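# Remarks on the overall topology
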Amino acid sequence: MSAALAVLKAYLTAELLRNRGIVYGLLSLALWLALFLAPLTLFRTPSVSPGEVSAHALVTIAIFLAYSTATWDWAWQLRWLLFQGILEHVIASGRSVFVLYAGIVPISLMWYAAAMAVGYATLALLVAPPTFSYVDPALLALGAAMLMAVLFAYSMLLGGVTISTGTSGPIMEFVGWILPIATGGLVPLRALPRPVQVVALATPFSYPAEVLRYSLGLSLPVMEPGTTVLVGLLYSAAFLGLSILYFKAQLRKLLREGVKTAWMY
Amino acid sequence: MKLVDIIVAESRFVYAGLFRRKSALATTLLYPYVITAFVVLVGNAMGSAAVFVQRVGVDPVPFFIVSSFILMSVMGVVDDIFWTPLFDELNGTLPYIVASPVDRVVYFLAIPIPRLAIVLPIGVSSVVPVMLLYYGVAGLYESLAIMLLAALAALLFTTLAMAITGALYMAGGETWRSLNVIRPLIMVLLGAFYPRWLMPLAARALSWALPPSHVIEVIHRVLVGAPSATQSLALIGVATALALLYTPLGARGIHGWERRKMREGVRV
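These numbers were taken from a predicted model, which means no experiment stands behind them. (Residues numbered from 1 in each chain as written. Chains lettered and ligands numbered in written order. Predicted model: local features only at pLDDT ≥ 70, side-chain atom pairs only at ≥ 80, totals over all residues.)

## Things to note about the overall build of chain A
Under the convention used in this document: Numbering goes from the N terminus for both helices and strands, where a helix is a DSSP run of H or I of at least four residues and a strand is a run of E of at least two. For a compact globule the rule gives 2.2 Å times the number of residues to the power 0.38, and the radius of gyration it is set against comes from C-alpha atoms. The exposure label follows from counting other C-beta atoms within 10 Å of a residue's C-beta, where the C-beta atoms are placed from the backbone and the thresholds are 20 or more for buried and 12 or fewer for exposed, leaving partly exposed in between.
Each helix and strand in chain A was counted, giving ten helices and zero strands. Relative to its length of 265 residues, chain A is compact, with a C-alpha radius of gyration of 19 Å against a globular reference of 18 Å. Each principal axis of the C-alpha distribution contributes one length, and for chain A these read about 60 × 40 × 35 Å. Here chain A, with 265 residues, has 40% of them falling under the buried criterion.

Below, the structure written as structure tokens:
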């Protein structure tokens, strides 16, 4: 606990307060969102209200930001620790690497909440305030928990691959884009072609997005809603367990074979 | 050192990095498709491609593949002007750069030239196949015109990018964070993803100050099939005049940053 608090304090001071990172980061995010969201307004039909368009866009932003958090806060953290020569110290200290995450995750969630507020404000300015006609809070919470489990598992997989191969930044950036698109994270699965739906449903990533959209009344899942929730829960739990096992195996491999190198970004 | 020598040296550095980092090259080539898929899929889920055609005058797929190509080309060619000082400082090579006899302004002017080569593979792998698919042989000619215009847009951005880099680095402090704000702002105002003629007046006025935005408007007019030769030449003329106008500012910015580094030293 004391190690987790020390990490939390260090990140709060270094990342948020000393570097004013959150201010610049959120400004940057709002501008990138404006770049990619502004052209979406050119597709809006008169029968769809601007608020409805914003609601869809807000869920897209929420899922995309969750993937970004998993990629750049959680998986990238391992690469950063490796390249700064800190990972060796963490391993030598005898503490689990996961102690660091107890400090990082609260910062990530603060970041995420602030980024969502910026996303909401950007949409309200560019299109209209998002409007949701129906919300099931329990299902929404379940969807959010499933998404968090799946993305933590994904970051462990990505982090495991990174520390064992020295994978470079562009690959992580690309995976962070392609995965949510291909698995129905950014668009309701119903709107995608049948072969993509089949592939997406074979991965654990599609279920949390389907449950989240259903809980907000934005779209119906491809499978029956109850089945989607049940399969999603089981799949995300299994995926999380397996990815943690994989990550630990990569750490052991790192200890055996030494550290890989890569380009600076 | 002459400009030609610097370009040759810079080319060796760029091409070695480009071909060594095959994963980075592959993702650069795939990005136009990923961005197009994102905008078109999300756009269709929220509305209709037919409405987009009514508003803009062109199918969204060729429009966004060209927009993404422009974004990747402009960033691929000019981005290193923004990042080079920071990259060298982090790598510990900046003291050698500052101490070298090369004129810093000439060096910065040389940076985009070898990087123009990246426009060709991105264009050939994205714009050419999509335009061929949509418009046949006519699409191939349009693709070549679009690739040439995108290279021109990137080149005409050089002097303004130098001015921005100089100003930011002279201001010091949070430079990479400031860059992360400036870059998307510029990308929004360039109008690659949102045609300039549909922008609100204030955004359009700011966009006019950016030389590449005029060339990008020419590309969009080629896409919607309404390119008037006089108007296109006038827009390219304005872009060139603006780029020349920014030259003294760019030179002053780079010299100012250099003087500051000489005065204060480099942190390594």
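Now that the structure has been shown, the text picks up again.
## Quick notes on the overall build of chain B
Rule in force here: By definition, residues are in contact whenever their C-beta atoms, placed on the basis of the backbone, come within 7 Å of each other.
Per the secondary structure count, chain B includes 16 helices and zero strands. Taken along its principal axes, the extent of the C-alpha atoms in chain B is 60 × 40 × 35 Å. Split into buried and exposed, the 268 residues of chain B put 43% on the buried side. Of the contacts formed within chain B by residues at least 6 apart in sequence, a portion of 78% connects residues at least 24 apart.

## Here we look at the interface of chain A and chain B
Contact with chain A, which involves 35 residues of that partner, is made by 33 residues of chain B. Going through the elements one at a time, helix H2 (21–37), helix H3 (50–83) and helix H7 (169–182) of chain A are the ones with two or more residues in the side of chain A that touches chain B. With nine residues, the top contributor of residues to the side of chain A that touches chain B is H2 of chain A.

## So, the packing of helix H11 (residues 158–171) of chain B against helix H12 (residues 175–190) of chain B
Residue and element names in this part refer to chain B. Let me state the cut-off plainly: As a rule, the C-alpha atoms of each element are fitted with a line to give its axis, helices using only the stretch in contact, and angles between N-to-C directions run from 0 to 180 degrees. In this scheme the crossing of two helices becomes right-handed for a clockwise turn of the near helix relative to the far one and left-handed for an anticlockwise turn of less than a right angle.
One way to put it is that H11 packs onto H12 with a least axis distance of 10 Å and a crossing angle of 145°. Crossing handedness for the pair H11 and H12: right-handed. Residue-level contacts link Ile164, Leu168 and Tyr169 of H11 to Thr175, Ser178, Leu179 and Ile182 of H12.

## Points about the environment of Leu149 of chain B
All names here are of chain B. Structurally, the position occupied by Leu149 is in helix H10 (residues 137–156). As a C-alpha pair, Leu149 and Val238 span 89 residues in sequence and 14 Å in three-dimensional space. Setting aside its immediate chain neighbours within four residues, Leu149 contacts Val215, Val218 and Ile219.

## A few points about the confidence of the model for chain B
Residue and element names in this part refer to chain B. The line we're drawing: What pLDDT expresses is the predictor's confidence in each residue, scored from 0 to 100.
For chain B, the mean per-residue pLDDT works out to 88, and 98% of the residues sit at or above 70. Looking across chain B, the model is least confident in helix H5 (residues 94–99), with a mean pLDDT of 82, and most confident in helix H9 (residues 127–135), with 95. Interface confidence for the predicted complex, given as ipTM, is 0.84, next to a pTM of 0.79.

## Thoughts on helix H15 (residues 229–245) of chain B
Our working definition: Helix span, expected: 1.5 Å multiplied by one less than the number of residues in the helix.
If you check H15 of chain B, its first and last C-alpha atoms are 24 Å apart, about what 17 residues at 1.5 Å a residue would give, namely 24 Å. Elements in contact with the buried residues of H15 of chain B: H10, H11 and helix H14 (211–223) of chain B.

## Quick notes on the confidence of the model for chain A
Across chain A, the average pLDDT comes to 82, with 90% of residues at 70 or higher. Mean pLDDT across the elements of chain A bottoms out in H7 of chain A (71) and peaks in helix H9 (residues 206–215) of chain A (92).

## Thoughts on the packing of H3 of chain A against helix H5 (residues 98–126) of chain A
Residue and element names in this part refer to chain A. Under the convention used in this document: Each angle gets one of four labels, with under 35 degrees taken as roughly parallel, over 145 as roughly antiparallel, 65 to 115 as roughly perpendicular, and the rest as oblique.
Running from N to C, H3 and H5 point in directions that differ by 150°, and their axes come no closer than 10 Å. Regarding the angle of H3 to H5, the classification is roughly antiparallel. Read as a crossing pair, H3 and H5 show a hand that is right-handed. Of H5, the residues touching H3 (which contributes Ser54, Ala57, Leu58, Ile61, Ala62, Leu65, Thr69, Asp73, Trp74 and Gln77) are Tyr101, Ile104, Ser108, Tyr112, Ala115, Met116, Gly119, Tyr120 and Leu123.

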